[in-house]
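Remarks on the overall topology
The residues making up each chain are set out below.
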Amino acid sequence: MVTKIEKDEISGTPTTGHEWDGIRELNTPLPRWWLYTFYGTVIWGLAYTIAYPAWPLLNSATPGILGWSSRGALEEQVTAARAAQQANLDKIAAMSVDDILKDPQLLAFAQAGGAAAFKVNCVQCHGSGAAGGVGYPNLNDDDWLWGGTPDALYTTLRNGIRYTANADTRDSQMPSFGADAILTPEQIDDVANYAFSLSGGKADAAKVEAGKSVFAENCASCHGEDGKGGRDFGAPNLTDGIWLYGGSLDQVKAQIVKPRMGVMPAWSHRLDDATIKELAVYVHSLGGGEAAGATTQ
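Below or above, wherever it landed, is the structure these notes cover. (Residues numbered from 1 in each chain as written. Predicted model: local features only at pLDDT ≥ 70, side-chain atom pairs only at ≥ 80, totals over all residues. Heavy atoms only, no water.)

Attention shifts here to the overall build of the protein. The helix and strand inventory of the protein stands at eleven helices and two strands. Computed over its C-alpha atoms, the radius of gyration of the protein comes to 35 Å, more than 25% above the 19 Å expected for a compact globule of 297 residues. The dimensions of the protein, computed from C-alpha atoms along their principal axes, are 115 × 55 × 35 Å. With the model as given, the accessible surface of the protein reaches about 18200 Å², and the carbon-plus-sulfur share is 57%. Side chains of the protein carry 22 positive and 34 negative charges; the gap between the two charge centres is 5 Å. (Helix = DSSP H or I, 4+ residues; strand = E, 2+ residues; numbered from the N terminus. Rg over C-alpha atoms; globule rule 2.2 N^0.38 Å. Areas by Shrake-Rupley, 256 points an atom, 1.4 Å probe, with all protein chains shown as cover. Lys, Arg positive; Asp, Glu negative; His and termini not counted. Charge placed at Lys NZ, Arg CZ, Asp CG, Glu CD.)

Dropping the structure here:
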């Protein structure tokens, strides 16, 4: 309800002319300090939108007269960080992985860089903790198809595994003993029981005995007479109970019938040599790495 504008009898302040249930609204002015602060923020806001990117356009935003952008600031920070790291990166690029491990300061730098590179490039397959999964090796244990020395890890990372785009890739092929009818179903069953028994698996004793000769004739050339594998061929150790594609008898048999063989990229096609060495140092530090010069188990 709007009534006549008049002064309040008690405060002497003019009213707005609004009245509700006998209560009249006073037209009390805002404090000057509040008004000046408000005007200041308005002026600041206008100045900010002129100086910095602010108003959205169809494909971008107004650039601002100062030419600053968060993307540009990030690029400057990244450039500065790279410049600060360049001396160490140059050293790493010029040294072998074995020599990097002998330099405590450079080792710490390489491990930190390798951890960052691992999170970007490797966790998709090996997991954030490098524990792997079915078909993806666990990098924390001491089971290595091609060797776990610093130099062996570097070679694997650099050239990849079964990565056909790299001529120097590590390569091994296990025959499809069942799919290509190299062995009969009975022979496959026998040799699967034998291979399963090598790591303590519960197998049929008669089939294990029959599988020995099948293994000697068809498998020992790569896996060794004792089944402990061979790193020259990337042949797995069958005695340690570590199975890349599952360790049940049926899974072992399936791998003999038609083996699955994974592929790892050759990181030399994607990363610079210093980063690959940092990755080798980091993976070696996870706990399963072997000393330089270690031989096949």
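Running from amino to carboxyl end, helix α7 (residues 185-197) crosses helix α8 (residues 205-218) at an angle of 100°, the nearest separation of the two axes being 7 Å. Relative to α8, the element α7 is oriented roughly perpendicular. The residues of α8 that touch α7, namely those facing Q187, D189, D190, V191, N193, Y194 and S197, are K207, V208, A210, G211, K212, V214 and F215. When grouped by side-chain class, the residues that make up the contact of α7 with α8 number six nonpolar, four polar and four charged. (Axes fitted to C-alpha atoms, helices over the stretch in contact; angles between N-to-C directions. Parallel < 35°, antiparallel > 145°, perpendicular 65-115°, else oblique. Contact = heavy atoms within 4.5 Å. Nonpolar A, V, L, I, M, F, W, Y, C, P; charged D, E, K, R; others polar.)

This part covers a nonpolar patch on the surface. A cluster of nonpolar side chains, L30, W33, W34, Y36, F38, Y39, V42 and L46, forms an exposed patch at the surface whose accessible area comes to about 900 Å². Relative to the helices and strands, Y36 is located in helix α1 (residues 32-51). Residue class for Y36 comes out exposed when judged on its relative accessible area of 53%. (Patch = residues over 30% accessible without salt bridge, like charges linked within 9 Å, V, L, I, M, F, W, Y side chains within 5 Å. Salt bridge = Lys/Arg side-chain N within 4 Å of Asp/Glu carboxyl O. Buried < 20%, exposed > 50% of the residue type's maximum accessible area, 1.4 Å probe, protein only.)

This part covers unusual backbone geometry. The phi angle at D21 is positive, at roughly 50°, despite the residue not being glycine. For A130, which is not glycine, the phi dihedral falls at a positive 65°. Along the chain, A130 turns up in the loop between α5 (123-126) and α6 (150-159). A relative accessible area of 0% means that A130 is categorised as buried.

So, about the layout of surface pockets. To find the voids left in a structure, one rolls a probe of water-molecule size over its atoms. For the second largest pocket, the calculated volume is near 270 Å³. Taken together, 15 residues line the second largest pocket, and the ones lying closest to its centre are Q85, L89, G113, T275 and E278. Looking at the lining of the second largest pocket, the elements with two or more residues in it are α2 (70-94), α4 (104-121) and α11 (273-285). Here the lining of the second largest pocket gets seven residues from one element, more than from any other, and that element is α4. (1 Å grid on protein atoms, 1.4 Å probe; cavity = no way out; pocket = protein on both sides within 12 Å on 5 of 7 lines; lining within 4 Å. Points joined across faces, edges and corners; volume = space filled by probe spheres on them.)

Turning next to the environment of D180. Considering the arrangement of structural elements, one finds D180 in the loop between α6 and α7. The spacing of D180 and H18 is 162 residues in sequence and 96 Å in space, taken between C-alpha atoms.

Right, let's get into the state of the cysteines. Per the counting criterion, the structure on display carries zero disulfides. Here C125 stays free of any disulfide, with the sulfur of C122 as its closest cysteine sulfur at 8.5 Å. Judged by relative accessible area, which is 40%, C125 ranks as partly exposed. (Disulfide = S-S within 2.5 Å.)

Another point: the environment of D151. You can see D151 is positioned in helix α6. Along the chain, D151 and A130 lie 21 residues apart, while their C-alpha atoms are 19 Å from each other.

Here the focus is the packing of aromatic side chains. Aromatic ring pairs are defined here through the distance separating the ring centres and the angle between the ring planes. The final tally for this structure, using the stated rule, is seven aromatic pairs. Put simply, the rings of W44, Y48, Y52 and W68 touch in pairs and so form one group of aromatic residues. When the ring centre of W267 is taken as reference, the NZ or CZ atom of R270 above it lies at 5.3 Å. Across the ring face of Y154, the terminal group of K277 is positioned such that the distance to the ring centre comes to 5.9 Å. (Phe/Tyr/Trp six-rings, centres within 6.5 Å; stacked < 30°, edge-to-face > 60°. Lys NZ or Arg CZ within 6 Å of the ring centre and 35° of its normal.)

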